[in-house]
Amino acid sequence: MDPYDQKHFTVVDYVIFAILLAASLGIGLYYALSGGRQRTTQEFLMADRSMHCLPVSLSLIASFQSAVAIIGVPAEIYTHGTQYWFIGCAYILGLLIPAHVFIPLMYRLRLSSAYQYLELRFSKAVRICGTLTFIFQMVIYMGVCVYTPAFAVNTVTGFELWAAVLATGLVCTLYTAMGGLKAVIWTDVFQTLVMFAGQLAVIVVGVQQTGGVSEVWSKVWEGNRISGLDLNPDPTERHTFWTLGLGGVFLMLSLYGVNQAQVQRYLSARTEREAVRSCYMVFPSLQLALALSCVMGLVMFARYCGENHSEKLGTASRDAVVLYFVMDMLQGLPGLPGLFVACLFSAALSTISSAFNSLATVTMEDLIKPHFSTMTEAKATLISKALAIFYGLLCLAMAYVTHLMAESVLQVALKIFGMVGGPLLGVFCLGMFFPWANSTGALAGLGAGLAMAFWVGIGSILTRSSGAKPPPPSCTATLLSGNTTTIIQTALSNATLSRPTGLKRFYSLSYMWYSGLGCFTVVLTGLIISFLTGPMKEEEVTPGTIYPLLGNLLFFLPEHLKQKLCCVTPLGQRPSTQHRTPSRHKQSNGLAVPPEEGTSQDETDSFLANSHTAFVEHETAV
Ligand SMILES: CC(C)(CO)[C@@H](O)C(=O)NCCC(=O)O
Ligand code: NA
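This write-up is about the structure you can find in this document. Model, not experiment: these values are computed from the prediction.

1. What to know about the overall build of the protein
When helices and strands are counted, the protein shows 27 helices and zero strands. When each of the 622 residues of the protein is scored for burial, the buried share is 58%. Restricting to contacts in the protein with at least 6 residues of sequence separation, those with at least 24 account for 86%. Roughly 24,200 Å² of accessible area belongs to the protein as shown, and the carbon and sulfur atoms make up 68% of that amount.

Right under this line is the structure:
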C-alpha cells in the first residue's frame, strides 16, 4: 500500500527511539521505588498533592498536544494557510477563565475527581453521567492518539504498524501503572522537551534546505499561505477569527477547565497559588507549541510546493504526507529522523499516559469507591493500577477502531473534544454560574447537549459538509497553464455561490463551534427544566460550589437588588453560621505545606459526607 519511495531508519534512529521508551520506563520505575512507593491512592492518583508549578505546567500542555497536533497542524497550514494560527487568540480567555474560576473553586473543594463536583452541586446521578461522558470522550480520543503516529511512521518508513501501536500502548501502560501520577507528570516534562526539540530540528533543517528565512517567506507569500484576519461572521465557515478565537475558547475551557486529565494536575499542585501559576505558565508554552507546528507547515510548503507533490495531498492520508516530507528533509542527517519519530511518539505517549491515569482516577473515585466505603488503601491502590492496565488494553482496541476512519486526524480529535467535551463543560457551567439549576435540569441538559452535538456532528459526516473550502489553488497554479487556473477559480466561485440551506446548513456548522453549541444547549435546557421542576435556592446549594458570576457582572447594583436578582451572596460575605463552610480546607490551602498524611483524606471524606447529607436534606425538602 506504499505510494512513495520509502524512507529508511538507520541504526542511530532506532537507538534514539529505543532511548525514548527506555527513559520513560526508567522514570516510571524510579517513582515506583521512591517516595511512598505508590502504596496509597493519594500518591498514585494525586502525586501526594505536592507538585511544583513548572512540571505541572509542562505536563498540562503535554496532555492534549499529541502526534495529532504535531502532524495535523502542519498539514492544515500546508493546505489551507495560516488561518488556523488564530486559535492562539483563544488561549488567552481559554486559560484565564480556568485560572480564576475553575481552579479556585475545585481546589478549595479538595476534590480528587472533577466529577465529584457534580455530586456536591447536583446529585450522584449527575456525577455518574458526567464520569461516563468523560470516559467515553477519552477512550475514543486515546484511539486516535495511539494510532496516528504509528500509522504515519508505517506509511513512510514501513515500520510495522501494529508493532508500533503495541510498543507505545504497552510501554505507556507499564510506566503509568508503576509510577502513578508522579511518573506521568515527570515523563510528560521529558517528553515535552523531546517534542519541542524534534519540531525545532525539522524547522532548522527545512529553512536551510529552502535557502534561508527570506526564501521561505517569499515562497509562502507567493503561494498565498499567509492568511489575514478573516472576520466573516458566518458560523459555517470552517476557520475564521470567530470560529477559532471565540469557538476555540469553549474548546479550551472544556479541555483546560473541566477535563479530569487537567483538573487532576491542578489538584496535584501543592498550593492553590501554585496551581493557578501553572495554568498561567501554560500560555507561553502552548503558544510556542502552536508557533512551532505552524512554522513547520510553512517551511514544508516553501520546500515542497514547487515540486508538485500536490496530488499526494489529495489522498486520504494527507497527514502521512507531512511525515513523508519531514523524513525526506532529514534523510542522510544521522539521528534526526529518529529524533523526529521520537518527537511524534513522545507527544503520543504523554497524552495517552495522562488519559490512562485520569481514567483510572475517575473509575476509582466516581464509580468504585462510592460503593465500597470500607475498602482498604492497599486494595484501592491495587485496583487503581489494574484499572490503568485495563484502560491501556482498551486503548489498543480503540486504535483498531480509528484504523477504520479516514479524515484529517486534527479535525477528528477536535470534533471529539467538541461533541463530547462541550456538553460536559455545559454541565459544569450550569452548576457554577446558575444557582437555580437543579439536578433534573443538569441531567436533561447533558442529554440534550450530547444529542445536539451528535446530531450536527453525525449530520456533517453523512452530508460530508465539514465546511472545508478547497485550498488556495496557487500551489498547483504555478505548475498548470493559465486555462486550468481559470477553471479552478470558476469552480471555486460556484462552490461559494451554492450555499447549503436548511438542515444542510445546520450540518455545515464549523466544527470549531461544536463545544460552544454543546455547552450552550446544556445551559439553556438545564435552566428551562430547572425552572419548570422547581429551581434551587441559594441556601440549598452546597457552599463553595457556586461562582458568583452574575453577582460579579452586576457589581454596580446595590447589594439587596443583587441578592434578589442572582440569589447568590458574594464569596466571603456569607454569614459563617448559616452553613458548614469547608473552612478547615481553606486554611490548609493557604499554607504552603501539603496536608499531613492520613488526616487529609479523612477530612475530605467527612466534608464530602457532610455536604452530601446536607444535600439529601435539601432534596427531601424540595
Ligand atoms: C487542543 C489544542 C488546541 C490546545 O492544546 C491543541 O493542542 C490541539 O490542536 N490539539 C489537537 C489534539 C491532539 O494533539 O491530540
Ligand atoms: Na502529548
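There's more to say after this.
2. Notes on the site of ligand 1
Near ligand 1 you find 15 residues, and of these Gln65, Ser66, Ala69, Tyr84 and Tyr141 are the closest. At 2.5 Å from an oxygen atom of ligand 1 is found a side-chain nitrogen or oxygen belonging to glutamine 65. At the level of elements, helix H4 (67–80), helix H11 (247–256) and helix H18 (409–433) are the ones that each hand at least two residues to the shell around ligand 1. Looking at the shell around ligand 1 element by element, the count peaks at three residues for H18. Per-class residue counts for the shell around ligand 1 are 13 nonpolar, two polar and no charged.

3. Section: the packing of aromatic side chains
Going through the model one piece at a time under the given rule, you end up with 26 aromatic pairs. Look at tyrosine 78 and phenylalanine 325: their rings are 5.5 Å apart centre to centre, the planes differ by 35 degrees, and that puts the pair in the tilted class. A residue pair is termed long-range when its members are at least 10 positions apart, and tyrosine 78 in helix H4 and phenylalanine 325 in helix H15 (residues 318–330) qualify at 247 residues. Its relative accessible area of 3% is what places tyrosine 78 among the buried residues. Look at tyrosine 117 and phenylalanine 428: their rings are 5.6 Å apart centre to centre, the planes differ by 20 degrees, and that puts the pair in the stacked class. Residue tyrosine 117 is located in helix H6 (residues 116–121), and its partner phenylalanine 428 is located in helix H18; the two are separated by 311 residues in the primary sequence. Looking at tyrosine 117, the relative accessible area reads 0%, which means it is buried. An aromatic cluster is defined as three or more aromatic residues linked by ring pairs; in this entry it consists of Tyr78, Phe301, Tyr304, Tyr324 and Phe325. Of note, arginine 303 hangs over the ring of tyrosine 304, and the distance from its end group to the ring centre comes to 4.6 Å.

4. Concerning unusual backbone geometry
Despite not being glycine, arginine 37 shows a phi value in the positive range, around 55 degrees. With respect to the helices and strands, the residue arginine 37 is situated in the loop between helix H1 (11–33) and helix H2 (41–46).

5. A word on the coordination of the sodium ion (ligand 2)
Between any two of four tetrahedral donors, the ideal angle at the metal is 109.5 degrees; between two of six octahedral donors, it is 90 or 180 degrees. Coordination of the sodium ion (ligand 2) by the protein is provided by Ala62 (O), Gln65 (O), Ala347 (O), Ser350 (OG) and Thr351 (OG1), with metal-donor distances spanning 2.3 to 2.4 Å. On the primary sequence, the residues serving as donors to the sodium ion (ligand 2) are separated as A-x2-Q-x281-A-x2-S-T. Given a relative accessible area of 1%, alanine 62 falls into the buried group.

6. Quick look at the nonpolar core
Tyr84, Phe102, Met106, Phe340, Ile352 and Phe428 are the most contacted members of the largest nonpolar core, which has 166 residues in total. Tallying contributions element by element places H18 first for this core, with 17 residues. Not counting residues up to four positions away in its chain, the partners in contact with phenylalanine 340 are Ile70, Gly198, Val202, Met296, Leu323, Val326 and Leu330. Membership of the second largest hydrophobic core comes to 11 residues, among which are Leu45, Ala177, Ala360 and Ala388.

Parameters at a glance
Residues numbered from 1 in each chain as written. Chains lettered and ligands numbered in written order. Predicted model: local features only at pLDDT ≥ 70, side-chain atom pairs only at ≥ 80, totals over all residues. Heavy atoms only, no water. Helix = DSSP H or I, 4+ residues; strand = E, 2+ residues; numbered from the N terminus. Buried < 20%, exposed > 50% of the residue type's maximum accessible area, 1.4 Å probe, protein only. Contact = heavy atoms within 4.5 Å. Areas by Shrake-Rupley, 256 points an atom, 1.4 Å probe, with all protein chains shown as cover. Near = heavy atom within 4 Å. Polar contact = N/O pair within 3.5 Å; in protein donor to acceptor, adjacent residues only side chain to side chain. Nonpolar A, V, L, I, M, F, W, Y, C, P; charged D, E, K, R; others polar. Phe/Tyr/Trp six-rings, centres within 6.5 Å; stacked < 30°, edge-to-face > 60°. Lys NZ or Arg CZ within 6 Å of the ring centre and 35° of its normal. Donors = N, O, S within 2.8 Å, 3.2 Å for Na, K, Ca; no water. Core = buried A, V, L, I, M, F, W, Y, C linked by side-chain atoms within 4.5 Å.

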